[in-house]
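# Summary of structural features
What follows is each chain in one-letter form.
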Amino acid sequence: MTQTLKTLLLGGCMVFTAGCAAGKQESFNLTADLPSDFTYEALAKYAPTPEETCTVIKTDVGYNQRWRLDNKERYRLDYEIPLYRVVEGCRLALYRIELGIYGAYGEDRGDFGKDSAMMIVREQLDEKLKEQYKGEFDAAGESAINGQCQWLFRTQGPKRRLSKGLDCKKFDDQGRVTKRRPIAAYTLDQLPGKTVKLKIKLADEEQPGWGDTWVKVPNGWKRCIGEGPEDQRGYCNGNYKDFSSFKMPDGRDCTIYPGCTE
């Protein structure tokens, strides 16, 4: 595990207020299958059940307990999530879990990328949710939120230090990458005692963060010089012969990505 994932503040165990002890029939398991040096955080959100007329000032009663990841033993992926809560005498039902996906690419504190996924929960799913996102469970009681994350690289600052962002998309039923985020939708009665897994693959190839700044060459990518080394935007603008060096996250001066030297 890289130092970034050891120091990055990440989503950890859910903390719940009094009165929310969940029986086996009113909770489900949330877990993940992620690439190396990836992790996730989860924020569970609740709303009054349809039969309730009460109001609660703060309905987002599922919180992330954030900590520094000091060792692998604290690198948790598995949580038991209550489907219902009682807060201020008001019965609440889970309606969404917002998932933050983190990946580290270097050793510095800021050397990570983040994107998001989501789990939608309803009493009943409307036709749009059924068609686009409805989750199904196998015989073992497991369902997956399938997606692929791709690294997008760029340079920043006058020294053109390389950094990366994450772009995560959903797989469709045929295993093709879509334009949507990884999302799955479930009904409340589907979930008791089941397991939902955030299942993310990493794309084989990385891409520039935006166009006309890098040029593809046989053994990698070269950074356009733009109007000179001080030009932080560094658009090619038709000049595909003059290139600049850049710094890798580990401090190396390089002329080609990802191999560094040609």
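To keep things clear, this report deals only with the structure shown in the data block. From a predicted model like this one, the values you see are computed outputs, not experimental measurements. (Residues numbered from 1 in each chain as written. Predicted model: local features only at pLDDT ≥ 70, side-chain atom pairs only at ≥ 80, totals over all residues. Heavy atoms only, no water.)

Look at the link from Y257 to P258: it is a cis peptide, with omega at 10°. Even without being glycine, D37 reaches a positive phi, approximately 65°. Examined against the element boundaries, D37 turns out to sit in the loop between β3 (27-33) and β4 (38-48). For D37, a relative accessible area of 21% corresponds to the partly exposed category. A positive phi is found at D212, a non-glycine position, where the angle reads about 60°. Within the fold, D212 resides in the loop between β15 (207-208) and β16 (214-217). The class for D212 is partly exposed, based on a relative accessible area of 31%. (Helix = DSSP H or I, 4+ residues; strand = E, 2+ residues; numbered from the N terminus. Buried < 20%, exposed > 50% of the residue type's maximum accessible area, 1.4 Å probe, protein only.)

Its boundaries defined by the atoms lining it, the largest pocket holds a volume of some 500 Å³. Contributing to the lining of the largest pocket are 24 residues, with N146, K170, F171, D172 and D173 lying nearest its centre. When residues of the lining of the largest pocket are traced back to their parent elements, those giving at least two are α2 (127-133), β11 (142-156) and β14 (195-202). In terms of residue count, the dominant contributor to the lining of the largest pocket is β11 (six residues). Taken together, the residues of the lining of the largest pocket break down into five nonpolar, seven polar and twelve charged. (1 Å grid on protein atoms, 1.4 Å probe; cavity = no way out; pocket = protein on both sides within 12 Å on 5 of 7 lines; lining within 4 Å. Points joined across faces, edges and corners; volume = space filled by probe spheres on them. Nonpolar A, V, L, I, M, F, W, Y, C, P; charged D, E, K, R; others polar.)

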